[in-house]
There are 2 protein chains.
Amino acid sequence: MFEAAELGRKLTREDYEQELPALRAGLLEAQRGLERANVPVIVLFSGADGSGKSESVQRLYEWLDARGLETNAFGALSDEERERPPYWRFWRTLPPAGRIGMFLGSWYTEPLVRRAYGALTRAELDREMGRVAFFEQMLVDGGALVFKFWLHLSKKGQRKRLVTLEKSAETAWRVSPLEWKHYKLYARFIKASEQILRSTDTGQAPWFVVEAEDERYRELTIGRTLLEGMRRRLLGKAGTSRPKAPVSAPLPELPSSAEARVTVLDRVDLERQMPEKEYRRRLLRLQAKAHRLVRAASEKKISAVAVFVGWDAAGKGGAIRRLTAPMDPRFYRIISVAAPTDEEKVHHYLWRFWRHLPRAGRVTVYDRSWYGRVLVERVEGFATESEWRRAYLEINEFEDQLADAEVVIAKFWLHISPEEQLRRFEDRKATPYKQHKITDEDWRNRAKWGAYHEAVNEMVVRTSTRRAPWTLVAGNDKRLARIQVLETFTRRLEKAL
Amino acid sequence: MFEAAELGRKLTREDYEQELPALRAGLLEAQRGLERANVPVIVLFSGADGSGKSESVQRLYEWLDARGLETNAFGALSDEERERPPYWRFWRTLPPAGRIGMFLGSWYTEPLVRRAYGALTRAELDREMGRVAFFEQMLVDGGALVFKFWLHLSKKGQRKRLVTLEKSAETAWRVSPLEWKHYKLYARFIKASEQILRSTDTGQAPWFVVEAEDERYRELTIGRTLLEGMRRRLLGKAGTSRPKAPVSAPLPELPSSAEARVTVLDRVDLERQMPEKEYRRRLLRLQAKAHRLVRAASEKKISAVAVFVGWDAAGKGGAIRRLTAPMDPRFYRIISVAAPTDEEKVHHYLWRFWRHLPRAGRVTVYDRSWYGRVLVERVEGFATESEWRRAYLEINEFEDQLADAEVVIAKFWLHISPEEQLRRFEDRKATPYKQHKITDEDWRNRAKWGAYHEAVNEMVVRTSTRRAPWTLVAGNDKRLARIQVLETFTRRLEKAL
């Protein structure tokens, strides 16, 4: 979930300064518009110590009209607060219609810290998040526009930041032993954070995970996300203070320079290759291992699900064949997800995937999957925006149920470059026995590369969890791709055994 | 929550037979309509053993076109089911679009039984219900029409029913030692059931608690509820299989005879009176007790909330004065809920009530309350239907948070008959110093007695919980009413001390 916020995104000063005037003008205009439309705006800042939460708020005070802003931080409970139900302190700070309330810390803070310290069980955190989700739903139903930012630092990044703060006389006070203690608990905080984000990333109050290491990138991303969300609300619902179906906050547009636009997909190294000889050797070894593990899993009644999605001609079929070749056919099943059958069409979109879940000790390989909802259905408009937006949580909940039942989950996105795809398309066209594999639809899909790229990126960002992580497979070299798939699958299976 | 299903509602054979032809014709027509509109219909039957769940399903097989129906019961897990995540068995049984799936037992059954047996904690049940609520939301979002019936029997009624079943050779097999064991755990089942209903009574998939003792009443109520819900869906959304905002299932119309239409309000005995002398004596005693208890609660830091709603001229003011007279003014505060202030208007409707919650050891008396949302705002159309329907869960969640924080909650509905109200109105008109108390609005409200009656009844049914029960005060005799208020309040406070 946080992989996408460790890409080293940054912004040059020039780019930043070039963007700024339009952004600031836009923010002021949107703020005035929402004030007139009587929309309360709630902006939460969460994330690691030192990730720049308060700096971000300060920046927004510069960019927006400060008279319409209010900021809330939650330290130790006051006497007044201690004597009332826990949410009293949050209710009293909610911004009224037409104003923007910024929250440094929020209803997420205490559950997160308590979970990281081990004072809450996983189930208790789930229950707490159920309460949070209901609370936010109520605010959204009441007409509020909710933004939730999670400012992310890598462990290294956090250390660097704390050291920098300590060095300067002006900021040293901000780093206490508590911050270092939290730094030491980094892995536990990340794990708890992921559970929190996963279960509260709703279509109407989604999380925006922002890479926080570069200040300019962080600030501009926050500003742009706010601007886009505010504008969308104004466009869709201008004048209504209580819309029937509130527009959900949108994804941020990324600043324009290459370093700022880098996505998880761009980080896949497509240059690497694997010599034929090494491939043969490793393939044999991995297939032998897969054979052994699948048999052992069958005995131990541990089941597994492997999901394959990817660009057209990225080599899904070949990778699946290499994976299943060593498996006893009684132990696995490949589900090819093409157009739904008549029977599937009249059910919920997840029904067709539930029905094929493997029995204990078996493997189901999904050739395409439930991710169609947030890929092809999103891009082609087969699903409405609210349908695909809420699908992230539906899918996460589905996979969470699999993980609860101890099903091993491996999800593969087979990635290739557009150039490589073109080469393969033309090769297919030119080779008689491959011609059936290339259709007009493939060319049409190719023309929408950009839209698919964005959808894939958001899919990975919102659904890659510790219990069901995405593996981005470098597919330009087919040998490399197949080895990566086998290695990942066997590793995950081995871990579960 | 179940008080409203122990009213002894019944239906004569004639009434039943008179209703039947129109009901059956309507059901068949609605079924065909939903089939054409491709709407999947999910009908859950829950409730006590012997409450007639399977009989009700059988009746629906007579009334509806059986070719469009399917029924699912969930016994012990099959091998197939045991080897997959728990919800697999439910997914596989969901009805396809255009068909009606009836469920004897459901995703509620196991959590209920496990909680009653003590195998789940309260928090674990909450978490499980969070999962259920998400699941149902997903079904509704996917276009399904969901009915949830809870067939209720009083403890005595259940016993009677089990004995009857045992006596007949044909049905004796249905009563095993397990049924008697559950009967012995009646109180625990009811408590767990209430928690379940409270937390899953959403606007879009609401519960219908049906009094199950009289077979004709039970069947006709179920049939009518289904018919009304199906019709509303067809009217609002005919032709769309995936409505953006599904119409929520409506309340049942009650069969027309008096015995079938009786509500919780009708069960309030308005005839009783209290002689002046007895009143004086008890008033003094209760006020002395209230004085003592409020002081003790203050020392123990236990706070309390008293909520007063009722018909115009039902005597709210007088009852509140008698209750607060013995309290030290430092310890309590009366919040008169009139039109919201400017400041309150620009916040969520619950905000104005949260802000006045008492500190530890104090009492807040709300003269009118958050129930305005489901009373005046519902009847006058100030809130949209989806707003007031979802308010039941919002209110229950609010009061649950109070109860979690150990705030004592007393809720009073001051009830009078329409004749008594008229007498008081006319008295006010005729008495110079009372004239200010009667306005045109009072007369307008009076004209909507029926609509308010229905709203009050549903309010009590959906929001009277063990932790925050409603007290229906017999208000025709003011003395009686005041004593009842004082008695209830002191009893609840005493229990918490």
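None of the values given here were measured: they were computed from a predicted structure.

1. Structural notes on helix H17 (residues 385-404) of chain A
Residues and elements named next belong to chain A.
Part 1 of the reasoning: Its 20 residues place the ends of H17 29 Å apart at the C-alpha level, agreeing with the 28 Å of an ideal helix rising 1.5 Å per residue.
Part 2 of the reasoning: At Ala 391, H17 is bent by approximately 35 degrees, the largest bend along its length.
Part 3 of the reasoning: Positioned one or two residues after H17, Glu 406 has a phi angle of 65 degrees, which is positive.

2. A few points about the domain arrangement of chain A
Residues and elements named next belong to chain A.
Part 1 of the reasoning: By domain assignment, chain A separates into domain 1 (3-261) and domain 2 (276-496).
Part 2 of the reasoning: Using C-alpha coordinates to define each centre, domain 1 is positioned 33 Å away from domain 2.
Part 3 of the reasoning: Listed per partner, the contact involves 11 residues of domain 1 and 13 residues of domain 2.
Part 4 of the reasoning: With three residues, the single largest contributor to the side of domain 1 that touches domain 2 is helix H9 (residues 186-200).
Part 5 of the reasoning: In terms of residue class, the side of domain 1 that touches domain 2 is built from three nonpolar, three polar and five charged.

3. Structural notes on the sheet that holds strand S10 (residues 470-474) of chain A
All names here are of chain A.
Part 1 of the reasoning: Read from one edge to the other, the open sheet built from five strands follows the order S7-S8-S6-S9-S10, with strand pairing classed as parallel. Either end of the sheet is taken by a strand with one partner, and the two such strands are strand S7 (332-336) and S10. Within this sheet the neighbouring strands show an average axis-to-axis angle of 20 degrees, counted without direction.
Part 2 of the reasoning: Bridge count between strand S6 (residues 304-310) and strand S8 (residues 363-367): five bridges; the pairing is parallel. Paired with Val 305 across the strands is Thr 364, a residue of S8.

4. Some points on the interface of chain A and chain B
Part 1 of the reasoning: Across the boundary between the two partners, chain A contributes 42 residues, which contact 42 residues of chain B.
Part 2 of the reasoning: For the side of chain A that touches chain B, the elements supplying multiple residues, two or more each, are helix H4 (88-91), helix H6 (122-141), helix H15 (351-354) and H17 of chain A.
Part 3 of the reasoning: The greatest single-element share of the side of chain A that touches chain B, amounting to nine residues, is contributed by H6 of chain A.

Rules used throughout
Residues numbered from 1 in each chain as written. Chains lettered and ligands numbered in written order. Predicted model: local features only at pLDDT ≥ 70, side-chain atom pairs only at ≥ 80, totals over all residues. Helix = DSSP H or I, 4+ residues; strand = E, 2+ residues; numbered from the N terminus. Expected span 1.5 Å × (residues − 1). Bend = angle between axes of the 7 residues up to and from the residue. Domains from an automatic or database assignment. Contact = placed C-beta atoms within 7 Å. Nonpolar A, V, L, I, M, F, W, Y, C, P; charged D, E, K, R; others polar. Pairing = 2+ DSSP bridges. Axes fitted to C-alpha atoms, helices over the stretch in contact; angles between N-to-C directions.

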